[in-house]
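If you want the building blocks of each chain, they are given just below.
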Amino acid sequence: MDERETAGRSVWKGRLIEMPSAFTGMGLFRAWTETVYSNGALAFPAQDATGFGFAAFNMIAAVVLVALALSSRRIAPLYGKRAVPWVTGACMIASACLNFSTIYFPGLAPFFGAPAAVLGAVGIALIILLWSELFGCLNPFRVALYFSGGLVVGALVLWLFKGLAIPWLWVCTCLVPVVSLVCLRRAYDLLPDDERPRRSWGTFSFPWKPIAVMALCSLAYGMCERVFGSELGIHSGLGCVAAAGAVYLVVCLRRDRLHLSFAYRAACPLLLASLLPLWMLGPIGGELASFCALAAYTFVLIVIMVVLSNLTYQYGFNAVWLFGIERAVRLVSVQAGLAATEALTDSSFGYLALCVVVAVAVVVATALFLSEKQLTTPWGTVLKTLSGQSFGDRSRIGAKCDELSKQFGLTSREAEILTLLAQGKQQGQIAHDLYIAPSTVKTHIKHLYQKLGVHSRKGLCDLVGVEAGRAGCEK
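Read on for an overview of the structure. Source: prediction; values computed, not measured.

On to the nonpolar core. One broad rule of soluble globular proteins: the nonpolar side chains tend to lie buried together. Residues Trp-32, Ile-124, Trp-131, Phe-135, Leu-418 and Leu-460 are the most contacted members of the largest nonpolar core, which totals 143 residues. Considering every element that reaches this core, the biggest residue donor is helix 13 (residues 283-315), with 18 residues. Dropping the residues within four chain positions of it, Ile-124 is found in contact with Phe-29, Trp-32, Thr-33, Phe-57, Ala-61 and Met-92.

All told, the structure shown has 16 aromatic pairs when counted by the stated rule. Ring geometry for Phe-262 and Phe-299: centres 5.7 Å apart, planes at 80 degrees, overall edge-to-face. Residue Phe-262 is located in helix 12 (residues 261-273), and its partner Phe-299 is located in helix 13; the two are separated by 37 residues in the primary sequence. Connected via pairs of aromatic rings, a cluster forms that spans Phe-23, Trp-131, Phe-135, Tyr-146 and Phe-147.

A few words now on a nonpolar patch on the surface. On the surface, Leu-164, Trp-168, Val-171, Leu-175, Val-178, Val-179 and Val-182 cluster together into a nonpolar patch covering about 590 Å² of accessible area. Inspection of the secondary structure puts Leu-164 in the loop between helix 8 (140-161) and helix 9 (166-189). Under the relative-accessibility criterion, Leu-164 is labelled partly exposed at 30%.

To continue, consider the environment of Ala-94. On the secondary structure map, Ala-94 appears in helix 6 (residues 83-104). Between the C-alpha atoms of Ala-94 and Ala-116, which are 22 residues apart in sequence, the distance is 7.2 Å.

The end-to-end C-alpha distance of helix 7 (residues 109-135), which contains 27 residues, comes to 38 Å, matching closely the 39 Å that a straight helix rising 1.5 Å per residue would cover. Buried residues dominate helix 7, accounting for 19 of its 27 residues.

What follows covers unusual backbone geometry. Of note, the bond from Ala-76 into Pro-77 is cis; its omega dihedral lies within 30 degrees of zero at 0 degrees. Considering the arrangement of structural elements, one finds Pro-77 in the loop between helix 5 (72-75) and helix 6.

Another point: the pattern of salt bridges. In total, this model carries 5 salt bridges according to the counting rule given. Residues Asp-193 and Arg-196 are paired through a salt bridge, measuring 3.3 Å at the closest nitrogen-oxygen approach. Between Lys-451 and Glu-414 there is a salt bridge; the shortest N-O distance is 2.8 Å. With Lys-451 in helix 19 (residues 438-452) and Glu-414 in helix 17 (residues 412-422), this residue pair connects regions lying 37 residues apart in the sequence. Judged by relative accessible area, which is 33%, Lys-451 ranks as partly exposed. With a relative accessible area of 5%, Glu-414 lands in the buried category.

A separate point is helix 19. For helix 19, built from 15 residues, the straight-helix expectation of 21 Å at 1.5 Å per residue is met to within 8% by its first-to-last C-alpha distance of 21 Å. Those residues of helix 19 that sit buried are Val-441, His-444, Ile-445, Leu-448, Tyr-449 and Leu-452. All buried residues of helix 19 fall inside an arc of 140 degrees around its axis, so they share one side. Set apart from the buried face of helix 19 by more than 90 degrees, the exposed residues are Lys-442, Lys-446 and Gln-450. Where helix 19 terminates, the next one or two residues include Gly-453, which has phi positive at roughly 75 degrees.

Turning to the packing of helix 7 against helix 9, a few remarks are in order. Between helix 7 and helix 9, whose axes approach to 11 Å, the crossing angle comes to 20 degrees. When the axes of helix 7 and helix 9 are compared, the pair comes out roughly parallel. The chirality of how helix 7 crosses helix 9 is left-handed. Seen from helix 7, the contacting residues are Ile-127, Leu-130, Trp-131, Glu-133 and Leu-134; seen from helix 9, they are Ser-180, Leu-181, Cys-183, Leu-184, Ala-187 and Tyr-188. For the contact of helix 7 with helix 9, the class distribution of residues is 9 nonpolar, 1 polar and 1 charged.

Rules and cut-offs
Residues numbered from 1 in each chain as written. Predicted model: local features only at pLDDT ≥ 70, side-chain atom pairs only at ≥ 80, totals over all residues. Heavy atoms only, no water. Core = buried A, V, L, I, M, F, W, Y, C linked by side-chain atoms within 4.5 Å. Buried < 20%, exposed > 50% of the residue type's maximum accessible area, 1.4 Å probe, protein only. Helix = DSSP H or I, 4+ residues; strand = E, 2+ residues; numbered from the N terminus. Contact = heavy atoms within 4.5 Å. Phe/Tyr/Trp six-rings, centres within 6.5 Å; stacked < 30°, edge-to-face > 60°. Patch = residues over 30% accessible without salt bridge, like charges linked within 9 Å, V, L, I, M, F, W, Y side chains within 5 Å. Areas by Shrake-Rupley, 256 points an atom, 1.4 Å probe, with all protein chains shown as cover. Salt bridge = Lys/Arg side-chain N within 4 Å of Asp/Glu carboxyl O. Expected span 1.5 Å × (residues − 1). Arc of directions from axis to C-beta. Axes fitted to C-alpha atoms, helices over the stretch in contact; angles between N-to-C directions. Parallel < 35°, antiparallel > 145°, perpendicular 65-115°, else oblique. Left-handed = near helix turned anticlockwise from the far one by under 90°. Nonpolar A, V, L, I, M, F, W, Y, C, P; charged D, E, K, R; others polar.

Worth remembering: the numbers are spatial, not functional.
The structure is reproduced here in structure tokens:
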């Protein structure tokens, strides 16, 4: 091995970021969903005999998510409630057992379909919100890194599941929620106490823009029905792995700035490409169409996850409320897309109508994407005063930092460092959180001071309006 090759490997090793194993648990519960309710290679009598299959499971889960979102002020944060993980794991394990048992005892299928779907929907809704609360405690850089990495890990686990005999698949499926919840607990252990979910939130107008983007893209994705009949399912397809892996690599290699513009710019042409008559190329054409649709949808998922997590992280949104609504809208939109495809394909102009609907949805979603210059802005949401409090804490700091960023033309990285400084982070902590060198942080802070016209941390905090003595502003 020559010196050039050795140096090249060292550079790659130095640039790639190792993902904490605890955060892989986010991708694991997706393995449960695909194995039990969107498995293209295995049929469960409990679902076939009762009609409580993929569509019913999604709709019940959407109802549960909306119910949790509406009651979020009373039940959130879910973090710290000991009963919630136990209920979550028990529901998911019971649902898996009810479904798998009907393979060996088909006579029980008519009795197990409905309770299996309800228990599974409750469990999956809770575990989604538990992990969403955690991601709402992380800065956008870490969200993009850990979420995309989790998607890849979940897909790899599903690939392993494809080769298991049914008894082993049953056991592993029941272990998935347990491992995921253990990972969640360990991931929280990695966070400082003051960064964990809190009970006080600000009030905001409805964040319609990211929700609308997700709804439109989910509708278009649902109309690409080829994905749902593939042996590699919606969470394990090659398009999902390729898109998530691409985001992970870009975040690692471009640490100086959160570069995800390529992701949402690529989503539009990929979704449209999936509608081309690729079946003319034979079996490879169908796989290519599936790849394009899954890659596009995965890009959108990652970007929207970063946007929504930042609304919680920077502005103090209630994560249970925000993610409960978003995920419910996503599930309903996917099912609406599937239903629309069945209706349109029955007409004489079915395929043309399908292409038109998908094209319109994708173009409108892309226009909404491009209307925001940065991922870390409020995305059209109007921040209001905290009920019963002064306009303070995360909401006030986040709003003020966003206002200053626009006023002084800060870059996305400078805006993020401004927020971290206002929240009390020291230079070493910022370097650790953003995976950049301390010298790079110093350079960004120097540029930040120059643009804002201040000369010290105290001057910066005074500009933001942080109370005296807080956030290290006395220094």
